[in-house]
Amino acid sequence: MTTLEPRPVSEFQAGDFKSDLKPIWCPGCGDFGVVTALTRALSAIGRPPHEIAFVSGIGCSSRVPGYTTAYGFNTVHGRSLPIAQGIKLANPELLVLVASGDGDGFSIGGGHVAHAVRRNIDLTYMVMDNQIYGLTKGQLSPTSQRGRKTVTSTFGSLEERVNPLLYVMGYGAHFVAQGSPLDMAGLAQIIEEGIRFPGFAFINVQSPCVTFGGEEQQFKAQKARMRTLESLGHDPTDRAAATDLAREYGVKLNTGILYRNPNPPPTYGQGVDLRRLSVAGQGVPRHEILQRFQPNH
Ligand SMILES: Cc1ncc(C[n+]2csc(CCOP(=O)(O)OP(=O)(O)O)c2C)c(N)n1
Ligand code: SF4
Ligand SMILES: [Mg+2]
């Protein structure tokens, strides 16, 4: 995988980002591996835990922030992105991460994803795509494959699945990647690259639900479908090639960085001064805007 710039040696170990809370996930849940990969990535980044805000919605995957030492905010189902964007706008110095599930992100929160992509605020959005509603015990999710039998599709789903990779590409995402805890080192590196990307970074994580997930999602089946984009010689700056590879979602498990815009546009807080957020283009300083929203003002 390409390295963009020399990395300073971090004073933090992965263990510094693991909280004392004992996960209550089912034994073997893919989300355990996500925490491991994530804490490795954070140790490589080297920002202290108190400078990290980790937001999530609701779902098994949304428990991830609680198992880290970052500041966590377990919000409302599907609403992690608006809250994360608000946090980043209010305090641009923070490193803001978001953990979500396929249901949280692409059902109830689906409308937010599109506009968070377009708005391109500097966040890293990780979706643990287990293709099922895990927390609520196995209902059909928007990424469940057609024909999938679940408690809410007893005769098999008639619906086409959402392709999360194409979805975000379609809205113009500047960083799109996919990984799996099956390749822990690869996943850690993808997360690190996503965090380093200056703008909205989308990472789809194939994290199996071992209790309610389908066979095709388990590590054994993943192994048969997995191939790294690096081994394919994929150039992540080639948007057309990235879109073609994104189409293979559900057929091949392409891992690595699908697309990284080599010339990303400036984001809020980087080139666009947050302290002078404009109201109707008037360049009104932020403290004045906040005053305007005071009650009784
Ligand atoms: C507004 C609202 N609607 C529905 C729910 C019930 N609910 C909680 S988690 C969840 C889906 C979880 O699935 P997913 O986002 O894929 O996460 P997973 O548990 O699979 O990691 C649902 C429907 C809720 N908590 N709040
Ligand atoms: S129900 Fe599925 S997603 Fe939730 S903890 Fe258990 S294995 Fe993980
Ligand atoms: Mg899910």
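This text goes with the structure placed above it.
Residues numbered from 1 in each chain as written. Chains lettered and ligands numbered in written order. Predicted model: local features only at pLDDT ≥ 70, side-chain atom pairs only at ≥ 80, totals over all residues. Heavy atoms only, no water.

Draft legend 1. Quick look at the side chain of serine 180. On the secondary structure map, serine 180 appears in the loop between strand S5 (175-179) and helix H6 (184-196). Within polar-contact distance, the side chain of serine 180 engages the backbone oxygen of glutamine 206 at 3.4 Å. Polar contacts involving the side chain of serine 180 include one to the side chain of glutamine 222, which spans 2.6 Å. Serine 180 has contacts with Leu187, Gln206, Phe219, Gln222, Met226 and Thr255, leaving out every residue within four places of it along the chain. (Helix = DSSP H or I, 4+ residues; strand = E, 2+ residues; numbered from the N terminus. Polar contact = N/O pair within 3.5 Å; in protein donor to acceptor, adjacent residues only side chain to side chain. Contact = heavy atoms within 4.5 Å.)

Draft legend 2. Here's a closer look at the environment of arginine 146. Following the sequence through the fold, arginine 146 ends up in the loop between strand S4 (124-128) and helix H5 (164-170). Residue class for arginine 146 comes out partly exposed when judged on its relative accessible area of 48%. Taking the C-alpha atoms as reference points, arginine 146 and leucine 158, separated by 12 residues in sequence, lie 5.8 Å from one another. With residues near it in sequence (within four places) discarded, arginine 146 still touches Ser157, Leu158, Glu159 and Glu160. Within polar-contact distance, the side chain of arginine 146 engages the backbone oxygen of leucine 158 at 3.3 Å. (Buried < 20%, exposed > 50% of the residue type's maximum accessible area, 1.4 Å probe, protein only.)

Draft legend 3. Representation of the coordination of the magnesium ion (ligand 3) in the model. Binding of the magnesium ion (ligand 3) to the protein goes through Asp102 (OD), Asn130 (OD1) and Ile132 (O), at separations of 2.1 to 2.2 Å. Site description for the magnesium ion (ligand 3): donor spacing in sequence, D-x27-N-x1-I. Of the two residues examined, asparagine 130 and isoleucine 132, each falls in the buried class. (Donors = N, O, S within 2.8 Å, 3.2 Å for Na, K, Ca; no water.)

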